[in-house]
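Fold and geometry: a report
Next come the chains, spelled out residue by residue.
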Amino acid sequence: MVRRNVTVYGLFGLAALLMLCAGGYALNALHTVLVLRYGAVAASLWIAGGLFLASLIALGIAAIVKNRRRPPRPAATAALAAAPLAAKLIGSRLSWRMAAAGGIVVLGAILGRQIVAGGSDDDAEA
């Protein structure tokens, strides 16, 4: 499982590197075309301005995504809902059978809230 994940992320990294190289070659080709049409200084200024504008757009999108409200995490809300029941079971002096039954109830409450919420673990997002 770990080896597969390393392979997948390695291929993603290679793809990102190849995309960066392709972008560099595309910018070089655009610079060459602009040099033939407008001159070397103007071509460099056009490329620099385009990259600056792209960075401003990326910063704006990042700010919008950062300020977006995050969806609730089903595991965390389920744990908070089951916490009072767990505290009662831990605080009272019960036999091991009652403690096991209480643990099953708490686990059922957590899993039930996750199923009803339709959520999955947070690891699946990353």
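These remarks concern the structure in this document. (Residues numbered from 1 in each chain as written. Predicted model: local features only at pLDDT ≥ 70, side-chain atom pairs only at ≥ 80, totals over all residues. Heavy atoms only, no water.)

1. Topic: the overall build of the protein
As a reminder of what qualifies: A run of H or I in DSSP becomes a helix once it reaches four residues, and a run of E becomes a strand once it reaches two; helices and strands are each numbered from the N terminus. Burial classification: accessible surface area is computed with a 1.4 Å probe over protein chains only, and a residue below 20% of its type maximum counts as buried, one above 50% as exposed, and the rest as partly exposed. Contacts are assigned to residue pairs with any non-hydrogen atoms lying within 4.5 Å of each other. Note on areas: Shrake-Rupley with a 1.4 Å probe; residue coverage comes only from the protein chains shown.
A tally of regular secondary structure across the protein gives four helices and zero strands. Taken from N to C terminus, the helices and strands of the protein fall in the order α-α-α-α. Going through the 126 residues of the protein one by one, you find that 7% of them count as buried. Sequence-distant contacts, at least 24 apart, represent 47% of the contacts inside the protein between residues at least 6 apart. As displayed, the protein has an accessible area near 10600 Å², and 71% of this comes from carbon and sulfur atoms.

2. Here's the deal with the packing of aromatic side chains
For any pair of aromatic rings, geometry is given as the distance between the ring centres together with the angle between the planes. So the rule is basically this: Between 30 and 60 degrees the pair is tilted, below 30 it is stacked and above 60 it is edge-to-face, where a pair is any two Phe, Tyr or Trp rings, Trp via its six-membered ring, whose centres lie within 6.5 Å.
All chains considered together, the criterion is met by one aromatic pair. Pairing tyrosine 9 with phenylalanine 12 gives two aromatic rings, centres 6.3 Å apart and planes at 55 degrees, and the pair type is tilted. Here tyrosine 9 pairs with phenylalanine 12, and both are found in helix α1 (residues 2-38), just three residues apart, close to one helical turn. Assigned by exposure class, tyrosine 9 and phenylalanine 12 land together as exposed.

3. Observations concerning α1
Rules: Expected helix span is taken as 1.5 Å per residue step, with the number of steps being one fewer than the number of residues.
For α1, with 37 residues, the first-to-last C-alpha span of 53 Å sits near the 54 Å given by 1.5 Å per residue. Two residues or fewer past α1, glycine 39 is found with a positive phi of approximately 110 degrees.

4. Considerations on a nonpolar patch on the surface
What counts, and what does not: The patches reported here contain residues having more than 30% relative accessible area and no salt bridge. Joining distances are 9 Å for like charges and 5 Å for nonpolar side chains (Val, Leu, Ile, Met, Phe, Trp, Tyr). Whenever Lys or Arg places a side-chain nitrogen within 4 Å of a carboxyl oxygen from Asp or Glu, that contact is recorded as a salt bridge.
Taken together, the side chains of Leu11, Leu14, Leu17 and Leu18 make up a nonpolar region of the molecular surface, amounting to roughly 400 Å² of accessible area. A relative accessible area of 43% means that leucine 14 is categorised as partly exposed.

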